Amino acid sequence: MLVSGLSVVKNGIRLGYPFLESIRSAIEICEEFVVVVDPGEDDTLAMLQEMRRGEPKLKIVQTGWSPKVSPQKCVLAQQTNIGLHQCKGDWVLYLQANEVLHENDLSHLLSLMKEHKDNSEVEAMLFERLTFWADYNHLLKVYPDRFKYSPRIVRPHIGTQSIRDARSFAVFDEWSIYGRYPRAIDTGVSIYRYGKVLSSTAMKLKQ
């Protein structure tokens, strides 16, 4: 079984995103980790290239975020799909650049992927997103920033596409132009999100 990791980032340093920590939190159970990166206006690309020197699993796909994508937030899904189509794995473990896995959950996730590798009824695996707010001691537990079920492990070669603002996935199977949500199971695992643990300057840049 081959597991691909996937992430997308632009201006990770300016925005205070833990994009390197995000990759490190998952790469242990991946055979490859694809990062789609727009060079942006900081040293995010350089930091990824430095990381790659010591981490042969890391694969960098350099792109540019198009201002023509409308609505603009859908550029995240577009960039995610660029990376998704580069992944070779039976499963893709997708982490946004502000999301981190707990090391204690890795063996459980790997076991689930092995267990369901040949089970066509399982097309995705769901996580609970725990969003830290303002600091590392407070969680935001209200909609829309707390989602019980978010697909973060998906089968990549069944017509799977990232949709909307890359918060979810859809399967476009049998030449369908109307995607459906993938058939999924709950992992019982949480993803820790740090996109709102930012200085006021970084938060304004993010917006």
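For the structure itself, consult the block above.
Residues numbered from 1 in each chain as written. Predicted model: local features only at pLDDT ≥ 70, side-chain atom pairs only at ≥ 80, totals over all residues. Heavy atoms only, no water.

(A) Seen up close, the packing of aromatic side chains. One pass over the full model with this rule turns up three aromatic pairs. Here Y94 and F169 contribute two aromatic rings whose centre-to-centre distance is 5.5 Å and whose plane-to-plane angle is 90°, an arrangement assigned as edge-to-face. Here Y94 is found in strand β4 (residues 91-94), whereas its partner F169 is found in strand β10 (residues 168-171), with 75 residues between them in sequence. The buried category is assigned to Y94, whose relative accessible area is 2%. (Phe/Tyr/Trp six-rings, centres within 6.5 Å; stacked < 30°, edge-to-face > 60°. Helix = DSSP H or I, 4+ residues; strand = E, 2+ residues; numbered from the N terminus. Buried < 20%, exposed > 50% of the residue type's maximum accessible area, 1.4 Å probe, protein only.)

(B) Expanded view of the pairing of strand β6 (residues 124-133). Counting buried positions along β6 yields nine of ten residues, so the element is predominantly enclosed. Relative to strand β8 (residues 150-154), β6 runs antiparallel, the two being bridged by four bridges. Bridge assignment links L126 to a residue of β8, and that residue is P151. Inspection of the sheet shows β6 paired to strand β11 (residues 184-196) by nine bridges, in the parallel sense. Within β11, the residue paired with L130 across the bridge is Y192. As judged from the two bridges shared by β6 and strand β7 (residues 139-140), these two strands associate in the antiparallel manner. Each residue of the ladder has a partner; that of F132, found in β7, is L139. (Pairing = 2+ DSSP bridges.)

(C) Examining the side chain of S150 more closely. Along the chain, S150 falls in strand β8. In contact with S150, not counting residues within four places along its chain, are M125, L126, F127 and R129. (Contact = heavy atoms within 4.5 Å.)

(D) Local environment of the nonpolar core. Ranked by internal contacts, the top residues of the largest apolar core, which has 35 residues, are I23, F33, L48, L93, L101, F127 and I153. Those residues within four positions of I153 in sequence are excluded, and the remaining contacts are W91, V92, L93, L109, M113, E123, A124, M125 and F127. Residues V36, V61, V92 and V154 belong to the second largest nonpolar core, which totals 14 residues. (Core = buried A, V, L, I, M, F, W, Y, C linked by side-chain atoms within 4.5 Å.)

(E) View of unusual backbone geometry. Residues S70 and P71 are joined by a peptide bond in cis, for which omega reads -5°. Here P71 lies in the loop between β3 (58-62) and α3 (75-84). Not every positive phi belongs to a glycine, and R164 is a case in point at roughly 55°. Tracing the backbone shows R164 in the loop between β9 (160-163) and β10. Despite not being glycine, E174 has its phi angle at roughly 50°, a positive value. Here E174 is to be found in the loop between β10 and β11. Judged by relative accessible area, which is 76%, E174 ranks as exposed.

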